[in-house]
Amino acid sequence: MELYLDTANLEEIREIAAWGVLSGVTTNPTLVAKEYAGRGAKLTEEVLFAHLRAICEVAKGPVSAEVTALEAGAMVEEGLRLAAIHPHIVVKLPTTEEGLKACKRLSTQGVKVNMTLIFSANQALLAARAGAAYVSPFLGRVDDISWDGGELLREIVELIQVQNLPVKVIAASIRHPRHVTEAALLGADIATMPYTVFKQLLKHPLTDIGLRRFMEDWEKVKP
Ligand code: G3P
């Protein structure tokens, strides 16, 4: 399973990319807004596109950039502009009627699409039939309403395997390291997670204690 960062923060991407384990990045309007909120000036398309280009250069892998249009024609137009920013851009569309129409048109033109806000196996099936390259079920938001995000992911992974559909599953809305393990065991192709969860994946107190002891013992005898 590949590991993606779910962020629009360049510093976070730079730090994790340096570990050598980062395969891509996903963003959404909320994450981009977080980077530009409180700056006074309105975010222009020029600034946004330069930011997305910089993310592509640092991430060196697929970068999902979400459209903000809600009507299919406008989504296609925005999607084509986003796709022209960098070859790594994957256009992210919401799983709605308009999103499906736009997905079909963009994928027919060779643009890779990530269908987002997926909360059922049937939505994933529709997205795959519309030519999506990726589907993004939201584990954490399902768990938030006391349903089972893992069960949603299991159904989607199984459906895609049984139906032999050429679409990758991105486990999204990851809230903690256990979600990552669960997604990997269930056969997700990718898990996209916040920076804090990425850091938590590595941390274990026994690793720190063990390393400290090795170093203390070595200090006693080192040449
Ligand atoms: O990028 C989509 C998804 O990962 C959002 O996660 O934490 O806002 O539910 P979250």
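Keep in mind that this is a model prediction, so the values were computed, not measured.

Participant: Can you help me understand the overall build of the chain in this one?
Facilitator: Secondary structure assignment for the chain yields eleven helices and eight strands. With the C-alpha coordinates of the chain rotated into their principal frame, the extents come out at 70 × 45 × 30 Å. A separation threshold of at least 6 residues defines the contact pool for the chain, and within that pool the share at least 24 residues apart is 56%. Here the chain has roughly 11,900 Å² of accessible surface; of this, 56% comes from carbon and sulfur atoms. Averaging the positions of the 24 positive and the 27 negative side-chain charges in the chain gives two centres separated by 3 Å.

Participant: Help me out: how do you make sense of the site of the ligand in this one?
Facilitator: Every residue lining the ligand is accounted for by Asp6, Asn28, Lys92, Phe138, Arg141, Ala172, Ser173 and Arg175. Separating an oxygen atom of the ligand from a side-chain N or O atom of Lys92 is a distance of 3.3 Å. When the free accessible area of the ligand is taken as 310 Å², the share hidden by the protein chains comes to 83%. Across the shell around the ligand, the residue classes break down as two nonpolar, two polar and four charged.

Participant: Sorry, what's going on with the packing of helix H1 (residues 10–17) against helix H3 (residues 45–59) here?
Facilitator: In a pair of packed helices, the angle between the axes and the distance between the axes together describe the arrangement. The geometry of H1 relative to H3 is characterised by a closest axis approach of 9 Å and an angle of 10 degrees between their N-to-C directions. Between H1 and H3, the angle is such that the two are roughly parallel. Along its contact with H1, which presents Leu10, Ile13, Arg14 and Ala17, the element H3 presents His51, Ala54, Ile55, Val58 and Ala59. For the contact of H1 with H3, the residue count by class is seven nonpolar, one polar and one charged.

Cut-offs used in this document
- Residues numbered from 1 in each chain as written.
- Predicted model: local features only at pLDDT ≥ 70, side-chain atom pairs only at ≥ 80, totals over all residues.
- Heavy atoms only, no water.
- Helix = DSSP H or I, 4+ residues; strand = E, 2+ residues; numbered from the N terminus.
- Contact = heavy atoms within 4.5 Å.
- Areas by Shrake-Rupley, 256 points an atom, 1.4 Å probe, with all protein chains shown as cover.
- Lys, Arg positive; Asp, Glu negative; His and termini not counted.
- Charge placed at Lys NZ, Arg CZ, Asp CG, Glu CD.
- Near = heavy atom within 4 Å.
- Polar contact = N/O pair within 3.5 Å; in protein donor to acceptor, adjacent residues only side chain to side chain.
- Nonpolar A, V, L, I, M, F, W, Y, C, P; charged D, E, K, R; others polar.
- Axes fitted to C-alpha atoms, helices over the stretch in contact; angles between N-to-C directions.
- Parallel < 35°, antiparallel > 145°, perpendicular 65-115°, else oblique.

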